[in-house]
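# Observations on the three-dimensional arrangement
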Amino acid sequence: MSTTVYTNAKLFDGKNNTVTTDAWFVVENETGKLTEVGSNQAPTDSQQIVDLKGQYVMPGLINCHTHITMDPQSGDGGLGTDEIELTVRAVDNLHDLLASGVTYIRECGSAFDIDIRLNELRKEGKIDHTPEIMTSGRPYSMTGGHGDLGHFAHLVDSPDEMRKAVRTGLKKGTQSVKVMATGGVMTPGDFMTDPQLSVEEMQTAVIEAHHKGRIIAAHAEGNPGIMNAIKAGVDSIEHGFYVTDEEADLMIEQGTYLTPTFVADWAIPEYGRGSMPDWEIKKAADALDDLYANIMQAWKRGVKVTLGTDAGTPFNDFTMTPVELELMVQQGATPFEAMQTSSQNAATLMGIQDEYGTLEAGKFADFLVLDSNPLEDIKAVQQKDKAVYKKGVRMY
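Each residue is numbered by its place in its chain's sequence as written, counting from 1. Per-residue local features of the predicted model are confined to residues with pLDDT of at least 70, and side-chain atom pairs are confined, for both listing and counting, to 80 or more; whole-chain, interface and lining totals are unaffected and use all residues. As a rule here, side-chain values cover all heavy atoms of the structure and leave hydrogens and water aside.

Once that is clear, we can look at the overall build of the protein chain. Comment: elements are numbered from the N terminus, with helices defined as DSSP H or I runs of at least four residues and strands as E runs of at least two. The helix and strand tally for the protein chain stands at ten helices and 17 strands. Put simply, the radius of gyration uses C-alpha atoms, and a globule should come to 2.2 Å times the residue count raised to 0.38. Taken against the 2.2 N^0.38 rule, which gives 21 Å for 396 residues, the C-alpha radius of gyration of the protein chain at 20 Å falls within 12% of a compact globule. C-alpha atoms of the protein chain, sized along the principal axes, occupy 65 × 45 × 40 Å. Any residue under 20% of the maximum accessible area for its type is buried, any over 50% is exposed, and the rest in between are partly exposed; the area is computed with a 1.4 Å probe on protein chains only. Scored against the burial criterion, the 396 residues of the protein chain give a buried share of 61%. Between two residues, a contact is recorded if the distance between any of their heavy atoms is within 4.5 Å. In the protein chain, the proportion of contacts linking residues at least 24 apart, taken out of those at least 6 apart, comes to 69%. Shrake-Rupley sampling with a 1.4 Å probe provides the accessible areas, and residues are treated as covered by the protein chains on show and by no other component. Accessible surface computed for the protein chain: about 15200 Å², of which carbon and sulfur atoms make up 47%. Think of it this way: Lys and Arg go in the positive column, Asp and Glu in the negative one, and His and the chain ends go nowhere. Charge positions are represented by NZ for Lys, CZ for Arg, CG for Asp and CD for Glu. Side chains of the protein chain give 33 positive and 58 negative charges; the mean places of these two sets differ by 5 Å.

So this is what it looks like as structure tokens:
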């Protein structure tokens, strides 16, 4: 098999809190996997050699909370009923994600199950320049609950209805089930403290997802909904604005992950004043300081935090993943700790850690090439013209 040797790199492998200078790595062209990683004298038996000219290399980002059918320039997500329009939008959003440095996503709710079909087309080679996709299809909500739109969510009002709906989603191609445990910011008339799906309903979804070896995420912003979702046995809590010490300790005990999506809440008061309803701005602004404090407290106690942005929510576009890292650093994490949310934690939550997340032999060569050291300045990842490689092929 043919190989490409990348030489003269400063390598952050995503695993160790160091940069290896004069690093090199070998990519098998047919598979897109790394076969060797080293430093100093690079192999000379490859027909293709790429000199990275002393630039910094790091793993591609894994964003485990996106909504590719949503419009971040719309206060309500722009989830109209035109399936063709939403599909075209989703493809554009996938391109933006990859260009920003995101090489793998876990979708957390797509109208019309569009992500499932796009993932099929991606695997068939009919669309390109996109990240890998862990699909969710439509999320699962109660009648009158968060995201209560028939083309966006499965509406379920009992454990039996949940069982039928989840089985249907899994049959269609759902790889990660998403349930709504609380209200939220974007739906008028429901609030973070509103408990929505019951423990029993979510337990049913957990059982069905786990029977198929799939993972399950819960939108859970306030209480008692966060605790309900943890008791139900979900694999990750999404947002977790008001997670308590008791809940954090239970999450540690159960191995439950936490995806904060800081940037989703930060973006609304930052960019939305004058163009969004006052009630939506107020909801987000009132919660932001609490979000920072509660998430970082849970993280310090030992909860595993993952990288996710809720991309598609108001003013939270599909280029913002690197900003999520910056916000975590602003709250006290080191750049290395922030990047672990992607390279280690998101990959492990999604069950892809054997092939993605870090740059090691046997894993796919998904990597970014930067001008500056991200371990010294996390904003280095926000570089606009960074090179993005997917399975050893430059995409941007």
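Our focus in this paragraph is the sheet that holds strand β6 (residues 61–66). The pairing criterion for strands is at least two bridges between them, as found by DSSP. Strand order across the open sheet formed by three strands is β6-β7-β8, with parallel pairing between neighbours. Where the open sheet ends on each side, the last strands, each with one partner, are β6 and β8 (132–134). With direction set aside, neighbouring strand axes in the sheet form an average angle of 20°. In this sheet, β8 lies alongside strand β7 (residues 102–107) in parallel orientation, the contact comprising three bridges. If you follow I105 over to β8, its bridge partner there is I133. Each of β6, β7 and β8 is contacted by helix α10 (residues 335–350), which is oriented at about 50° to β6, the strand it contacts most. A fitted line through C-alpha atoms serves as each axis, taken over the contacting stretch for helices, and the angle formed by two N-to-C directions is quoted from 0 to 180°.

So, on to the nonpolar core. Generally speaking, soluble globular proteins have nonpolar side chains that are buried together. Of all hydrophobic cores here, the largest spans 94 residues; its most connected members are L118, V179, I237 and W266. Joining through side-chain atoms within 4.5 Å is the link that ties buried Ala, Val, Leu, Ile, Met, Phe, Trp, Tyr and Cys residues into a set, and such a set is a nonpolar core. Counting 15 residues, the second largest nonpolar core, distinct from the first, contains L11, L34, V57 and L359.

This paragraph deals with helix α5 (residues 225–232). The buried fraction of α5 is high, at seven of eight residues. Taken residue by residue, α5 has G225, I226, M227, N228, A229, I230 and A232 as its buried positions. Next to the buried residues of α5 lie α4 (199–211), β12 (215–220), β13 (236–239) and α6 (245–254).

Bringing the packing of aromatic side chains into the picture now. What describes a pair of aromatic rings is the distance from one ring centre to the other and the angle between the planes of the rings. Pairing of aromatic rings covers Phe, Tyr and Trp, the last counted by its six-membered ring, and requires centre-to-centre distances within 6.5 Å; plane angles under 30 degrees mean stacked, over 60 mean edge-to-face, and any other angle means tilted. Under the criterion given, the structure shown has eleven aromatic pairs. Relative to F367, the ring of Y6 has its centre 5.4 Å away and its plane inclined at 80°; by these criteria the two rings are edge-to-face. Placement of the pair is Y6 in strand β1 (residues 3–11) and F367 in strand β15 (residues 367–370), with a sequence separation of 361 residues. We classify Y6 as buried; its relative accessible area is 3%. Taking 5.7 Å as the distance between ring centres and 85° as the angle between the ring planes, the aromatic pair formed by Y6 and Y389 counts as edge-to-face. Here Y6, found in strand β1, pairs with Y389, found in strand β16 (residues 387–390); they are 383 residues apart in sequence, far enough to count as distant. Owing to a relative accessible area of 8%, Y389 belongs among the buried residues under this scheme. By the ring-pair criterion, three or more aromatic residues cluster together here, those being Y6, F25, F367 and Y389. Should the NZ of a Lys or the CZ of an Arg lie within 6 Å of a ring centre and within 35 degrees of the ring normal, that charge is described as sitting over the ring. The residue whose ring lies beneath K391 is F364, and the NZ or CZ to ring-centre distance is 4.6 Å.

As for its position among the elements, M70 is in the loop between β6 and α1 (83–100). Residue classification places M70 among the buried residues on the basis of a relative accessible area of 5%.

Another point: the environment of I268. For I268, the location among the structural elements is in helix α7 (residues 262–271). Since its relative accessible area comes to 3%, I268 is described here as buried. Here the alpha-carbon distance between I268 and T341, two residues 73 residues apart in the chain, equals 23 Å. Apart from the residues within four sequence positions on either side, I268 is in contact with V185, R273, M276, E280, I281, A284 and P314.

To continue, consider the pairing of β7. Counting buried positions along β7 gives six out of six residues, so the element sits mostly inside the fold. Both β6 and β7 contribute to a ladder of four bridges, which runs parallel. When the bridges of β7 are listed, I62 appears paired with Y104. A clockwise course of the path from the first strand over the helix to the second, judged with the strands pointing away from the viewer, identifies a crossover as right-handed. Since β6 and β7 lie parallel, the crossover through α1 that links them has a hand, and here it is right-handed. For the handedness criterion, the β-α-β arrangement of β7, helix α2 (residues 114–123) and β8 is classed as right-handed.

When a carboxyl oxygen of Asp or Glu is within 4 Å of a side-chain nitrogen of Lys or Arg, the pair counts as a salt bridge. Applying the stated criterion to the full structure yields 19 salt bridges. When the shortest N-O distance is used, the salt bridge between R106 and E238 registers 2.8 Å. Note that R106 is positioned in strand β7 and E238 in strand β13, a separation of 132 residues in sequence. Accessibility expressed as a relative area gives 0% for R106, which makes it buried. Looking at E238, the relative accessible area reads 0%, which means it is buried. Sharing partners across several salt bridges, the network here consists of R122, E132, D366, K390 and K391.

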